Amino acid sequence: MEGRPLDEQELVEQARGGDARAYEVLVRRYQDLAFRTACVIAGGSADAEDAAQEGFVKAWYALPRFRAGSPFRPWLLTIVANEARNRRRSGRRQDDLALRVAEDRPSGDAAPSPEAAALATEQRRLLLAAMGRLGEHDRQVIACRYFLELSEAEMAAALGCRPGTVKSRLSRALDRLRAVLAEQGAAAAPTTLPGGDR
Amino acid sequence: MSRRELDLDRALADLAASLEFPPTPDLAAAVTARLDQDPVAARPARGRRWLGGLSGWRRLAVAGLAVALLAVAVLAASPGTREAVARRLGLRGIGVELGGPPPSTATTTSGGRLDLGLGERVTLEEARRRVSFPVLVPHTGGLERPDAVFVSEVVPPGGRVDLVWRARPGLPASGFTDAGLLITEFRGQTTPEFIKKVAVAGQVEFLEVDGEPAYWFSGEPHFFTYRDSAGTFREEQTRLAGNTLIWQRGELTLRLEGELSKEEALRIAESMR
C-alpha cells in the first residue's frame, strides 16, 4: 500500500463541503482499490465496474454523514463492497475472481531459467485454481488480505464483518485452502513454490 | 505446521505479485460526469457563496430546500404538504414528508382486514414471477413467510410488492387493521438521484442498514414521495400509521412499517435477503 499523502483529509473536507473537483481527485486516487475490491466481491469485471462507479456516486451523497477525521478508505470500501454484494446477490454469479496469472513475471529473486519460470507460473495457476474451489467467503477474505493488501479494518469494511472476526476468518480460510491443496496433490504443494522455505 | 503456514503465506504473496486484475476503468471521469448531470450535486460554487458559513451537512440541507419547495408545489393539492417543509436532506431515492394530517385515503380497508388497498393478492412465488427485481424477505423471528402478499405491476415501473404479516406476539397490531408488519419493495431510481426527504424536525433519524442510508420515522402518520425507476415523482402514504424504516438495498427501495422499536425494525431490515 502506498503511504497516504498528507492532504487526504483536506480533500475529504473539501468534498464534504460540496467541491466536486476535490472529490474527483479522491476518486482517481482510490479507483484502483475500489474497482479491485469490487472485482473480488462481485466476481465479474462488468459488475465490479458498475458497483465501483455506483459506490463512488453514493459515497458523494453520503459524505455529509462521513465523520470528519476518520479514515476514508474503510468508509469508502464499505459502500463499494455493499454495492458489489448487491450485484452478486441479484445478478449472474461468476465463480472465479476474474483474475489471471501473468505469463512472464519473474518470481523476484534470481532470474529463473525458462523452465523454472514456466513451472512457477503453472504453480501459481494451481494455487489460484485451488482458491477457486473455496467458498465465496473464504476466497474473499484471502483475496482481501493477499491480493488487495487491505488492513484489518479495511478487510472488515469490505467483507461486512466485525474487525475482531477478520483474523479468525482468514485463518479458517487458509486452513481450507491448505486442505484443497493437499487434495490436489504434491505437484501443487506450497513447499515447491518459488521462494518456498526448505 | 508453522513452516507450512509460512509457505502458504509466501506462495499467496508470490501469486499476488503476478496476478492481473482486469484494467481499472476511468471511474473518476464517469463519476464526475454523473455528478455534473445532477443539478443538486453540481452546486458547489454557488453553495459556497451563500451557504459558506454552514457545515457541509447543513449546506446540503439548505441547498436541497429549493428543490423541496418545488416538490411541495407539485404536491400542493395534498392537505399534508402545507406545513411540511422544515428541512430537507439530499439522499438517494426517496422524498418523505412528515407532519400535517394524513390524507383521508389512508388505511383503506376494502376487503379482508389484511387488505390495505395494496393491489392484487398473490402468493410469494407469484409475486416473484411478476416483478423485475428479487423479492427479499426477513430471515428472523419466523418472518420468512408473509401472511399476505400483494403485487402491483403498473405503478411504479418494474412493479411493487407488499408483504404483510398478521399481528402476533412481538408484532402488535396497528391501530387500523389486523396487520402487524408491512414491508414494501420497489425499484427506486436506477441512476442515483439526490433523493429527497422533507421532514418536520425531530421525527426522523438517519441510520444505516448494511452501510446504506436509512431513515427512521416515529410518531404520527406521514406520507412520502419518491422517484420511481422512470424518474416520476410519486406520492404515497404509510398504511399502518406506526413507525417506519425506509432504506435502500442496491437499486431497491424498501419500507418497513409497524409498531416496532427502532432496534426491532433494524434487526428485521438487516435480515432481509
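The numbering scheme is per chain: residues are counted from 1 as the chain's sequence reads. Chains and ligands are labelled sequentially in the order written, the chains with letters from A and the ligands with numbers from 1. Where local features are concerned, this predicted model is filtered to residues with pLDDT of at least 70; where side-chain atom pairs are given and counted, the filter is 80 or more; whole-chain, interface and lining totals use all residues. For side-chain calculations, the full set of non-hydrogen atoms in the structure is used, while hydrogens and water are omitted.

Observations concerning the overall build of chain A
And step 1. Helix and strand labels come from DSSP, where a helix needs a run of H or I of at least four residues and a strand needs a run of E of at least two; each type is numbered from the N terminus. Per the secondary structure count, chain A includes 8 helices and 1 strand.
And step 2. Shown N-terminal to C-terminal, the secondary structure of chain A runs as helices and strands in the order α-α-α-α-β-α-α-α-α.
And step 3. Only protein chains enter the accessibility calculation, which uses a 1.4 Å probe. A residue is then buried if its area is under 20% of the maximum for its type, exposed if over 50%, and partly exposed in between. For chain A, the proportion of its 198 residues judged to be buried stands at 53%.
And step 4. It only takes one pair of heavy atoms within 4.5 Å for two residues to be counted as in contact. At a minimum sequence separation of 6, the contacts of chain A that also span at least 24 residues come to 67%.
And step 5. Here the Shrake-Rupley method, with its probe set to 1.4 Å, supplies the accessible areas, and only the displayed protein chains count as covering residues. Total accessible area on chain A is roughly 9100 Å²; 50% of this is exposed by carbon and sulfur atoms.

Remarks on the confidence of the model for chain B
Residue and element names in this part refer to chain B.
And step 1. The share of residues in chain B with pLDDT of 70 or more is 51%, and the mean pLDDT across the chain is 64.
And step 2. For chain B, per-element mean pLDDT is lowest for strand 2 (residues 87–91), which scores 26, and highest for helix 6 (residues 262–270), which scores 92.
And step 3. Taken as a whole, residues 41–115 scores under 50 in pLDDT and shows 185 contacts with residues more than four places along the chain or in a different chain.
And step 4. For the stretch residues 189–202, pLDDT sits under 50, and the model shows 78 contacts to residues farther than four places along the chain or on other chains.
And step 5. For this predicted complex, the interface confidence reaches an ipTM of 0.82, while the overall pTM sits at 0.49. Per-residue confidence from the prediction method is given by pLDDT, with values spanning 0 to 100.

Some thoughts on the environment of Arg88 of chain A
Residue and element names in this part refer to chain A.
And step 1. Its location among the elements puts Arg88 in helix 4 (residues 72–90).
And step 2. Judged by relative accessible area, Arg88 falls into the buried class, the value being 4%.
And step 3. With 40 residues separating them along the chain, Arg88 and Ala48 place their C-alpha atoms 9.4 Å apart.

Quick notes on the pattern of salt bridges
And step 1. One speaks of a salt bridge when a side-chain nitrogen belonging to Lys or Arg is within 4 Å of a carboxyl oxygen belonging to Asp or Glu. One pass over the full model with this rule turns up 23 salt bridges over all chains.
And step 2. Notably, a salt bridge pairs Arg28 of chain A with Glu24 of chain A, separated by 3.5 Å at the nearest N-O pair. Taken as a pair, Arg28 of chain A and Glu24 of chain A lie in helix 2 (residues 20–42) at a separation of 4 residues, close to a single helical turn.
And step 3. Accessibility expressed as a relative area gives 43% for Arg28 of chain A, which makes it partly exposed.
And step 4. When the shortest N-O distance is used, the salt bridge between Arg176 of chain A and Asp138 of chain A registers 2.5 Å. Of this pair, Arg176 of chain A sits in helix 8 (residues 166–184) while Asp138 of chain A sits in helix 6 (residues 136–147), placing them 38 residues apart in sequence.
And step 5. One network of salt bridges, in which partners are shared, links Arg21, Glu24 and Arg28 of chain A together with Asp26 of chain B.

Thoughts on the environment of Met272 of chain B
Residues and elements named next belong to chain B.
And step 1. Within the secondary structure layout, Met272 lies in the segment after helix 6.
And step 2. Met272 sits 134 residues away from Pro138 along the chain, and the two C-alpha atoms are 4.1 Å apart.
And step 3. Discounting chain neighbours no more than four positions away, the residues touching Met272 are Leu136, Val137, Pro138, Ile183, Glu185, Trp247, Arg249 and Leu254.

Observations concerning the side chain of Gln53 of chain A
And step 1. Secondary-structure assignment places Gln53 of chain A in helix 3 (residues 45–62).
And step 2. When neighbours within four sequence positions are excluded, Gln53 of chain A is seen to be in contact with Leu27, Ala30, Val31 and Arg34 of chain B.

As for the pairing of strand 6 (residues 160–166) of chain B
The side chains of a regular strand alternate between both faces of the sheet.
All names here are of chain B.
And step 1. Burial analysis of strand 6 places 6 of its 7 residues in the buried class, the great majority of the element.
And step 2. Note on pairing: two strands pair once DSSP finds at least 2 bridges between them. Relative to strand 6, strand 5 (residues 148–152) is paired through 5 bridges, and the arrangement is antiparallel. Following the sheet pairing, Val151 is matched in strand 6 by Val161.
And step 3. Across 7 bridges, strand 6 lies against strand 7 (residues 179–187) in antiparallel orientation. Looking at strand 7, one finds that Leu163 is bridged to Ile183.

Looking at helix 6 of chain A
And step 1. Burial analysis of helix 6 of chain A places 9 of its 12 residues in the buried class, which makes it a mostly covered element.
And step 2. Once helix 6 of chain A ends, the next one or two residues include Glu149 of chain A, with phi positive near 55 degrees.

Focus: the state of the cysteines
Residue and element names in this part refer to chain A.
And step 1. For the purposes of this analysis, a disulfide is any pair of cysteine sulfur atoms at a distance within 2.5 Å. All told, the structure shown has 0 disulfides over all chains when counted by the stated rule.
And step 2. Just so you know, Cys144 is unpaired, no disulfide at all, and the nearest cysteine sulfur is the one on Cys161, 8.9 Å from it.
And step 3. Classification of Cys144 by relative accessible area gives buried; the value is 0%.

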